Amino acid sequence: MIDFHQVHKAYRVSGRDIPALQSCDLHIERGEVFGIIGHSGAGKSTLLRLINRLEEPSGGRIVIDGVDVTALGADGLRKFRQQAGMIFQHFNLLSSKTVAANVGMPLKLAGVPAREIEQRVAALLERVGLKDHANKYPAQLSGGQKQRVGIARALATRPKILLCDEATSALDPQTTAAVLQLLAEINRELGLTIVLITHEMDVIRRVCDRVAVMDAGVIVEQGPVAEVFLHPQHATTKRFVQEAEHVDENDQRDDFAHVQGRILRLTFIGESTYSPVLGQVARETGIDYSILAGRIDRIKDTPYGQLTLALTGGDIDAALARFEAADVHLEVLRLSLIHI
Ligand code: ADP
Ligand code: MG
């Protein structure tokens, strides 16, 4: 659906070119929710705004749904933009217009007849759960409701792509969860391709299929969310994951220094999350274990579990082999039996 080939973007600031995006190759599939995570200034908004050409690339090619958008003229660009709706951190609603008028605005601009606008706005408001708020003004709505208006407005022209620029960053955790759920529903039911940028790994974990991690204008890591989240490679990715899990690696290292045994981290994913592997392995191999840290959660719709264990006694090699055979991912954090 979206292909970036060696896309480059520099901003000209007081006569100098400042790079914001470098050698960017990206491939986003039709119908997926693709996340882009990075700290402030990493180049996320630049990347997103290149997709609907709110920014002009300085180099490279951007192909969307088979069309080279870097080559579009003004007319082609206007039509193309109707296929890519966008929502924003601060909603960008017109405060002097009602909810219905805000949602209907893109249709009015596209010259859709008033009667049809009315019907489509009603259906859109129903879709986002704001049926009874059509005649209110933005100031009368909560943050979550405002973002629902933003989503309805973005969907008005029946786009194929929805671009979300930190769409939940101004919302509290509960409202964030509800808005993400709405986005997931829209993705499923309308088959829309969603590109979502955020600085929170938790947002990625809840709704995205794949993720790209950005650092200083460069994509440093990308892949399926489960892979990137559970086995991060790049230092930036590791930091995001630790933030999401509220783990401080230094604290953990200090804690583990007082523990006896080999320290392992086991990762279960999918069905194996709920199977009694650990108990079976302990019985069969005579190992003892204590749980140092643990978490069971979901990545989108897939359950996963991660346990950090200290193992003592028994047949340790047999235990490791048994875990491997049960498709449990193993990481040895400390091999020596006792830390001195
Ligand atoms: P993010 O969305 O990840 O916070 P941005 O894409 O907004 O990052 O910005 C990336 C870099 O480009 C930053 O260093 C920012 O200061 C710079 N930048 C963004 N927009 C402009 C602009 N219009 N003019 C000059 N520099 C810009
Ligand atoms: Mg931004």
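Residues numbered from 1 in each chain as written. Chains lettered and ligands numbered in written order. Predicted model: local features only at pLDDT ≥ 70, side-chain atom pairs only at ≥ 80, totals over all residues. Heavy atoms only, no water.

**Q** Lay out the packing of aromatic side chains in plain terms, naming residues and giving numbers.
**A** The tally for this structure, following the rule as stated, stands at one aromatic pair. Seen in terms of ring centroids, Phe229 and Tyr304 are 6.1 Å apart; in terms of plane orientation they differ by 75°. Their pairing is edge-to-face. Taken together, the residues Phe229 in helix H8 (residues 225-230) and Tyr304 in strand S13 (residues 302-312) connect sequence positions 75 residues apart. Overall, Tyr304 belongs to the buried group, its relative accessible area being 0%. (Phe/Tyr/Trp six-rings, centres within 6.5 Å; stacked < 30°, edge-to-face > 60°. Helix = DSSP H or I, 4+ residues; strand = E, 2+ residues; numbered from the N terminus. Buried < 20%, exposed > 50% of the residue type's maximum accessible area, 1.4 Å probe, protein only.)

**Q** So what about helix H1 (residues 44-51)? Which residues, and what values?
**A** In terms of burial, H1 is a largely internal element, six of the eight residues being buried. Residues of H1 that are buried: Lys44, Thr46, Leu47, Leu48, Leu50 and Ile51. Immediately beyond the C-terminal end of H1, within one or two residues, lies Arg53, with a positive phi of roughly 55°.

**Q** Please give an account of the layout of surface pockets that cites residues and values.
**A** For the largest pocket, the calculated volume is near 830 Å³. Gln242, Glu249, Gln252, Arg265 and Leu333 are, among the 29 residues lining the largest pocket, the residues nearest its centre. If you list the elements that add at least two residues to the lining of the largest pocket, you get H8, helix H9 (235-245), helix H10 (249-256), strand S11 (262-269), strand S12 (288-299), S13 and strand S14 (329-334). With six residues, H9 is the single largest residue contributor to the lining of the largest pocket. Here the residues of the lining of the largest pocket sort into twelve nonpolar, eight polar and nine charged. As a volume, the second largest pocket reaches approximately 570 Å³. In terms of lining, the second largest pocket is formed by 17 residues, of which the most central are Arg81, Ala84, Gly85, Pro106 and Leu109. When contributions to the lining of the second largest pocket are tallied by element, the ones reaching two or more residues are helix H2 (74-81), strand S6 (84-88), helix H3 (99-109) and helix H5 (143-155). The leading source of residues in the lining of the second largest pocket is S6, at four residues. (1 Å grid on protein atoms, 1.4 Å probe; cavity = no way out; pocket = protein on both sides within 12 Å on 5 of 7 lines; lining within 4 Å. Points joined across faces, edges and corners; volume = space filled by probe spheres on them. Nonpolar A, V, L, I, M, F, W, Y, C, P; charged D, E, K, R; others polar.)

**Q** Can you break down the sheet that holds strand S10 (residues 218-224) residue by residue, with the values?
**A** The mixed open sheet is built from six strands, whose spatial order is S6-S7-S8-S3-S9-S10. Where the open sheet ends on each side, the last strands, each with one partner, are S6 and S10. Each strand axis lies, on average, 15° off the axis of its neighbour in the sheet, ignoring direction. Both S6 and strand S7 (residues 161-165) contribute to a ladder of five bridges, which runs parallel. Bridging from a neighbouring strand, Ala84 pairs with Ile161 of S7. Contacts from helix H6 (residues 173-190) reach strand S3 (33-38), S6, S7 and strand S8 (193-198), with the element oriented near 155° to S8. (Pairing = 2+ DSSP bridges. Axes fitted to C-alpha atoms, helices over the stretch in contact; angles between N-to-C directions. Contact = heavy atoms within 4.5 Å.)

**Q** Give me the lowdown on the site of ligand 1, citing residues and values where you can.
**A** In the vicinity of ligand 1, the contacting residues are Tyr11, Val13, Ala20, His39, Ser40, Gly41, Ala42, Gly43, Lys44, Ser45 and Thr46. Measuring from an oxygen atom of ligand 1, one finds a backbone N or O atom of Ala42 at 3.2 Å. A total of 560 Å² of accessible area belongs to ligand 1 in isolation, and the protein chains cover 58% of it. Among the secondary structure elements, those contributing two or more residues to the shell around ligand 1 are strand S1 (2-13) and H1. (Near = heavy atom within 4 Å. Polar contact = N/O pair within 3.5 Å; in protein donor to acceptor, adjacent residues only side chain to side chain. Areas by Shrake-Rupley, 256 points an atom, 1.4 Å probe, with all protein chains shown as cover.)

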